[in-house]
Every structure is written in C-alpha cells, then in structure tokens.
Amino acid sequence: MLRQRITTAVILLAIVIVCLLIGPWAFDALAAVILGCCLWEWLRLAEWDNRLAIVCSVAMSIVLYWTEISQSPLLHTIKEGEGLLIFSATGTVIWFVLTYLIFLRRNVGWNVPPVWRWVLALIFVPCAWFSLMYLYRNYGAIFMISVLALVWVADISAYFAGSHFKGPKMSPGISPNKTWAGAISAFVIVLFLAYLSWMTIPAAPFWTNAVIGTTTEFASAGLIFLIVLYSITGDLFESTLKRNAGVKDSSNLLPGHGGFYDRMDAQFAVLPLTVFIHLLIQGI
C-alpha cells in the first residue's frame with residue numbers, strides 16, 4: 001500500500017510540474033479537471049445518480065476553465081479585488097459555521113442532509129477555484145504552492161504526532177483516529193516553519209512571509225492557527241460525508257490514496273480563507 005501511495009504521489013507531482021512548466025493554460029486545465037473530479041466524488045457522497053454527477057462535474061470543469069480564460073468585465077470583478085473579497089469571505093464564513101457544527105457534534109457524529117451535501121459542493125468548488133487561480137495568476141506558482149503546503153505540513157504533522165503521542169481522541173464520532181495531540185502538533189509545527197522561513201528567507205514569495213511581514217507577531221500566529229483549524233475542519237467535514245454515505249474513500253481514482261477529494265478536502269476550507277486574509281492585509 002505504501003509503495004502504491006508513493007508511486008501515485010510521484011506521478012501526480014510530475015504531472016503538476018510539467019503543466020506548470022508548459023504554462024498557465026496547461027495548469028489551469030489540470031486544476032479544472034482535478035476540481036471536476038472532486039465535485040463528481042462529492043456529488044456521489046451526496047447520493048446523486050452517477051451519470052448526473054459526471055455530467056455536472058464535466059460541465060463545472062468546462063465552466064471553471066472558461067472563467068479563467070475569459071476577458072469578461074463581469075467575471076473580472078469576481079476574479080480580482082472587491083468581488084473576490086466577497087466571494088472568499090462567503091466561503092470563509094460558511095466554513096466557520098461548519099467548524100462550529102463539526103466540533104459540536106464531534107463525539108456523536110453528524111448526519112448532514114443530502115441536499116446540503118451537494119449545495120455546499122456547488123458553493124465550495126467555485127470558491128476554491130477562484131481562490132487558487134487568484135494566487136497562481138497574481139503571485140506565481142511558488143506563492144500558490146506555499147498556501148497548499150500549509151495543509152500538507154499540517155496533515156503530515158498531525159498524522160505522525162498523533163500516531164506517536166496518541167492521547168485523547170479529538171472527534172471520536174467523526175474520525176476516531178484523530179487526536180488532540182496531532183492537532184496541537186500540527187499548529188506548532190506549521191507555526192515554527194512559518195517563522196523559521198520568515199527569519200531565514202524573508203524575501204521568499206511565501207504566503208506566511210507576506211502575513212508575518214505585514215501583521216504583528218500575535219496576529220500572524222492567530223491567523224496561522226485559523227489556517228490549521230480550517231484544515232482540520234475540511235478534513236473532518238469530508239470524513240462526515242463519507243460516514244453518512246457509508247464509504248471509506250471518495251473514489252478509487254488515485255490508487256493508494258482514494259479519490260481526489262480525499263487529497264483536496266482540507267484545501268476547500270483553507271484556500272478561500274488564505275485569499276480572504278491576504279486581500280484584507282493588502283487593503284483591497
């Protein structure tokens with residue numbers, strides 16, 4: 001299983017790198033396909049008919065890609081500035097509510113009605129798309145990856161620290177393997193690496209450098225805590241949906257990993273939040 005996971009991850013990484021080297025149109029197309037796959041998996045968790053879910057997901061991928069290449073003035077208001085601020089704020093507020101509900105039900109579980117499962121999917125996929133494209137288009141691949149890496153570091157830290165320290169379960173009714181030790185370790189390690197990069201390479205185009213360099217130490221630590229919290233929420237929300245649907249993985253598209261949604265779950269919560277914070281800091 002581990003060998004299969006590593007092989008799949010290496011292949012995916014190679015595809016992403018090649019698309020980034022080719023140019024924006026290639027990466028945009030890849031991102032649209034990945035988010036379309038996530039939507040397909042999400043709609044199946046919402047008990048949609050598979051054929052209808054496929055049609056909706058393909059249509060969403062096409063529409064998302066078109067929004068990025070379109071020069072429409074109306075779309076420009078969503079992709080930049082105040083329009084994007086409203087869009088990212090909407091996603092951030094909804095995820096805040098979900099954070100409250102998930103931690104409220106963490107011991108007993110939460111049965112999310114199917115209608116809310118697909119409604120939220122149709123909201124969060126575009127939110128993630130516009131946030132991801134904004135970061136990539138305006139600040140480049142490294143800055144965008146630095147945002148995605150926050151989730152990767154938090155996830156890996158929580159996994160290994162939780163496995164090592166064990167201790168009290170964080171959400172036994174939703175995801176029994178997650179512990180408070182893992183969650184706390186994720187925050188500590190992400191915060192440590194953020195400040196380490198700021199002190200050693202402050203000019204590097206990292207999201208955390210931009211935040212630490214333009215806010216107080218206390219504020220930046222609080223914002224990084226929110227990132228880790230939202231990352232955990234995104235993960236727990238997908239776990240909730242999978243429990244509701246009675247499945248282990250969102251699909252089997254990625255051997256050893258499950259589905260694309262299994263790999264992107266936390267990003268759906270973190271991407272709008274990071275863009276919302278960034279826009280506020282920049283004064284847009």
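Structure's up top.
Residues numbered from 1 in each chain as written. Predicted model: local features only at pLDDT ≥ 70, side-chain atom pairs only at ≥ 80, totals over all residues. Heavy atoms only, no water.

Student: Let's hear about unusual backbone geometry: which residues, and what values?
Tutor: Phi is positive for E47, close to 70 degrees, though the residue is something other than glycine. Here the phi dihedral of K166 falls at roughly 55 degrees; this positive angle occurs in a residue that is not glycine. Judged by relative accessible area, K166 falls into the exposed class, the value being 52%. (Buried < 20%, exposed > 50% of the residue type's maximum accessible area, 1.4 Å probe, protein only.)

Student: Summarise the pairing of strand β2 (residues 175-179); cite the residues concerned and give the values.
Tutor: Where strand β1 (residues 169-171) and β2 come together, two bridges link them in antiparallel fashion. Within β2, the residue paired with K169 across the bridge is T179. Count of turn residues in the β1/β2 antiparallel hairpin: three residues. (Pairing = 2+ DSSP bridges. Helix = DSSP H or I, 4+ residues; strand = E, 2+ residues; numbered from the N terminus.)

Student: Please set out helix α2 (residues 24-45) residue by residue, giving values where relevant.
Tutor: For α2, with 22 residues, the first-to-last C-alpha span of 31 Å sits near the 32 Å given by 1.5 Å per residue. The element α2 is extensively covered by neighbouring structure, given that 17 of its 22 residues are classed as buried. Immediately downstream of α2, the backbone of E47 shows phi near 70 degrees, a positive value. (Expected span 1.5 Å × (residues − 1).)

Student: Got a sec to walk through the packing of helix α8 (residues 207-214) against helix α10 (residues 260-282)? Specific residues and values, please.
Tutor: Closest axis-to-axis distance for the α8/α10 pair is 11 Å, and the angle between their directions is 40 degrees. Relative to α10, α8 is oriented oblique. Judged by the twist between their axes, the crossing of α8 over α10 is left-handed. Contacts between α8 and α10 involve W207, A210, V211 and T214 from the first element and T274, I277, H278 and I281 from the second. Here the contact of α8 with α10 is composed, by residue class, of five nonpolar, three polar and no charged. (Axes fitted to C-alpha atoms, helices over the stretch in contact; angles between N-to-C directions. Parallel < 35°, antiparallel > 145°, perpendicular 65-115°, else oblique. Left-handed = near helix turned anticlockwise from the far one by under 90°. Contact = heavy atoms within 4.5 Å. Nonpolar A, V, L, I, M, F, W, Y, C, P; charged D, E, K, R; others polar.)

Student: Describe the packing of aromatic side chains, listing the residues and the values that go with them.
Tutor: Per the counting criterion, the structure on display carries 16 aromatic pairs. Their ring planes at 55 degrees and their centres at 4.7 Å tell us that F27 and Y136 sit as a pair that is tilted. Within this pair, whereas F27 is found in helix α2, its partner Y136 is found in helix α6 (residues 114-165), the two being separated by 109 residues in sequence. Each member of the pair, F27 as well as Y136, is classed as buried. Here a set of aromatic residues connected by ring pairs shows up, and it is made of W42, W95, W110, F124, F237, Y261 and F268. (Phe/Tyr/Trp six-rings, centres within 6.5 Å; stacked < 30°, edge-to-face > 60°.)

Student: Can you explain the packing of helix α7 (residues 180-200) against α8? Please cite residues and give values.
Tutor: Two quantities define a packed helix pair, namely the angle between the axes and the distance from one axis to the other. At a minimum axis separation of 9 Å, α7 and α8 run at an interaxial angle of 75 degrees. With respect to each other, α7 and α8 are oriented roughly perpendicular. Of the residues in α8, those in contact with A194, Y195, S197 and W198 of α7 are T208, N209, I212 and G213.

Student: Could you give me a rundown of the nonpolar core, with the residues and numbers involved?
Tutor: W42, F237 and F268 are the most contacted members of the largest nonpolar core, which has 78 residues in total. Going through the elements one at a time, α2, α3 (50-69), α5 (81-104), α6, α7, α8, α9 (217-245) and α10 are the ones with two or more residues in this core. Per-element accounting of this core gives the leading share, 19 residues, to α6. Sequence-distant contacts of F237, defined by excluding residues within four places in its chain, comprise W42, W95, L98, I102, W110, V112, L120 and Y261. (Core = buried A, V, L, I, M, F, W, Y, C linked by side-chain atoms within 4.5 Å.)

Student: Requested: an account of the state of the cysteines, with residues and values cited.
Tutor: Counted by the stated rule, this structure contains zero disulfides. No disulfide involves C19; its nearest neighbouring cysteine sulfur is the one of C37, lying 13 Å away. (Disulfide = S-S within 2.5 Å.)

Student: Requested: an account of the environment of L85, with residues and values cited.
Tutor: Locating L85 in the fold gives a position in helix α5. Taking C-alpha positions, L85 is 6.6 Å from L279, a pair spaced 194 residues apart along the chain.

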